[in-house]
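# Structural overview for review
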Amino acid sequence: MGKKVVLSWSGGKDSCLALDVLIKQGYEVVCLLTTVPQEIGRTFGHGEKKELIQLQAKSLSIPAEFIYCTFEDYSERFVSDLRKIKDTYGITGIAYGDLYLDGHREWGEKTAAEAGLDAVYPLWMEEKDSLKALKAFVESGYKAKVIRVREEVLDNSWLGKELNHDFVSEIEDKPVCPMGESGEYHTFVYDGPLFSNSIELYSPEVIQLETTKKLEFGEFRLAEK
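Thresholds applied
Residues numbered from 1 in each chain as written. Predicted model: local features only at pLDDT ≥ 70, side-chain atom pairs only at ≥ 80, totals over all residues. Heavy atoms only, no water. Pairing = 2+ DSSP bridges. Helix = DSSP H or I, 4+ residues; strand = E, 2+ residues; numbered from the N terminus. Axes fitted to C-alpha atoms, helices over the stretch in contact; angles between N-to-C directions. Buried < 20%, exposed > 50% of the residue type's maximum accessible area, 1.4 Å probe, protein only. Expected span 1.5 Å × (residues − 1). Arc of directions from axis to C-beta. Polar contact = N/O pair within 3.5 Å; in protein donor to acceptor, adjacent residues only side chain to side chain. Contact = heavy atoms within 4.5 Å. Parallel < 35°, antiparallel > 145°, perpendicular 65-115°, else oblique. Left-handed = near helix turned anticlockwise from the far one by under 90°. Salt bridge = Lys/Arg side-chain N within 4 Å of Asp/Glu carboxyl O.

## Notes on the sheet that holds strand E2 (residues 28–37)
Spatial strand order, E3-E2-E1-E4-E5: five strands in an open sheet with parallel pairing. Edge positions in the open sheet fall to strand E3 (64–69) and strand E5 (118–120), since each of these has one partner strand only. Averaged over all pairs of adjacent strands, the angle between strand axes in this sheet comes to 30°, irrespective of strand direction. The pairing of E2 with E3 spans six bridges and is classified as parallel.

The structure is reproduced here in structure tokens:
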């Protein structure tokens, strides 16, 4: 298998951990790939502002590419744009930060195959190992905040929490996947070993989405480390 890949990028801990592992395994990650619904202009995965993804990409010195799609044509547009990215960057594979949900992997492998690419899953594990994965992230040197929670499982008090040892202890007591693999919570990574600059986040505001609450930052900028 070739070592030149694009990474499906949400801006959160899973994709960041996947990036770290890929680089340590000798892959060349040539761009970060994020899907954006045409209707709202925010990321599909976390409802994040595009500008924050672009700041991450700049700090990581890896180009960001956006796939603009609707809910109806998501897979079709994903494959179509992936073929173009394959030609532009000369990639042989696409990597995903999924952990253990078989349905996600089946979709990723199918779309990769349709685009003539290998599907790479650097974090793939058994569900029982998800707590171990969270601890690995906390120990990795990357810094992330909780920016979205699913209301029926986690309340507003989780918004803005740092992913640290206290977080690990608290999430262990909740009836959720410690890594939030089913969307129980989402995160934004703002610093870490691969970041040349940290991302400073200001003016937080809680906004209500359909079944989730989101921490929205009114201001943000790159800062010297």
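Past the structure itself, the notes keep going.
## Describing the pairing of strand E7 (residues 185–191)
The buried count for E7 comes to seven of seven residues, which makes it a mostly enclosed element. Relative to E7, strand E6 (residues 143–150) runs antiparallel, the two being bridged by six bridges. The residue bridging Ala-144 from the neighbouring strand is Val-189, located in E7.

## A word on the sheet that holds strand E9 (residues 212–223)
With antiparallel pairing, four strands are arranged side by side in an open sheet as E7-E6-E9-E8. Across the chains shown, the open sheet's two edge strands, defined by having one partner strand only, are E7 and strand E8 (198–208). Strand after strand, the sheet turns through a mean of 25° between neighbouring axes, direction not considered. Pairing geometry for E6 and E9, over three bridges, is antiparallel. Following the sheet pairing, Arg-148 is matched in E9 by Lys-214.

## Some words on helix H4 (residues 102–114)
Under the 1.5 Å per step criterion, the end-to-end length of H4 is 18 Å for 13 residues, consistent within 8% with the ideal 18 Å. Burial in H4 covers these residues: Gly-108, Thr-111 and Ala-112. End-on view of H4: buried residues confined to an arc of 100°, all on one side of the axis. Exposed and oriented more than 90 degrees from the buried face of H4 are Asp-102, Glu-106, Lys-110 and Ala-113.

## Section: the side chain of Thr-34
Summarising the element assignment, Thr-34 is placed in strand E2. Among the polar contacts made by the side chain of Thr-34, one reaches the main-chain carbonyl oxygen of Trp-9 at a distance of 2.8 Å.

## Overview of helix H2 (residues 50–60)
Within H2, burial applies to Leu-52, Ile-53, Leu-55, Gln-56, Ala-57, Ser-59 and Leu-60. Its buried side turned inward, H2 meets helix H1 (13–24), E2, E3, E7, E8 and E9. Once H2 ends, the next one or two residues include Ser-61, with phi positive near 60°.

## Overview of the packing of helix H3 (residues 74–89) against H4
Between H3 and H4, the shortest axis-to-axis distance is 9 Å and the interhelical angle comes to 45°. The angle between H3 and H4 falls in the class oblique. Seen from above, H3 lies across H4 with right-handed handedness. Where H3 abuts H4, its residues Tyr-74, Ser-75, Phe-78, Val-79, Leu-82 and Arg-83 lie against Trp-107, Thr-111 and Glu-114.

## Some thoughts on the packing of helix H5 (residues 130–139) against helix H6 (residues 165–172)
With their axes 9 Å apart at the nearest point, H5 and H6 run at an angle of 165° to one another. By the angle between their directions, the pair H5 and H6 is classed as roughly antiparallel. Like other packed secondary-structure pairs, H5 and H6 cross with a definite hand, here right-handed. Along its contact with H5, which presents Leu-131, Leu-134, Lys-135, Val-138 and Glu-139, the element H6 presents His-165, Phe-167, Val-168, Ile-171 and Glu-172.

## Some thoughts on the pattern of salt bridges
Counted by the stated rule, this structure contains 15 salt bridges. The salt bridge involving Asp-191 is made with Lys-225; its shortest N-O contact spans 3.0 Å. With Asp-191 in strand E7 and Lys-225 in the segment after E9, this pair connects stretches of sequence that are 34 residues apart. Residue Asp-191 is classed as buried on the basis of its relative accessible area of 11%. A relative accessible area of 55% places Lys-225 in the exposed class. Through salt bridges with shared partners, a single network forms among Glu-126, Lys-128, Asp-129 and Lys-132.

Read these as geometric descriptors, not functional statements.
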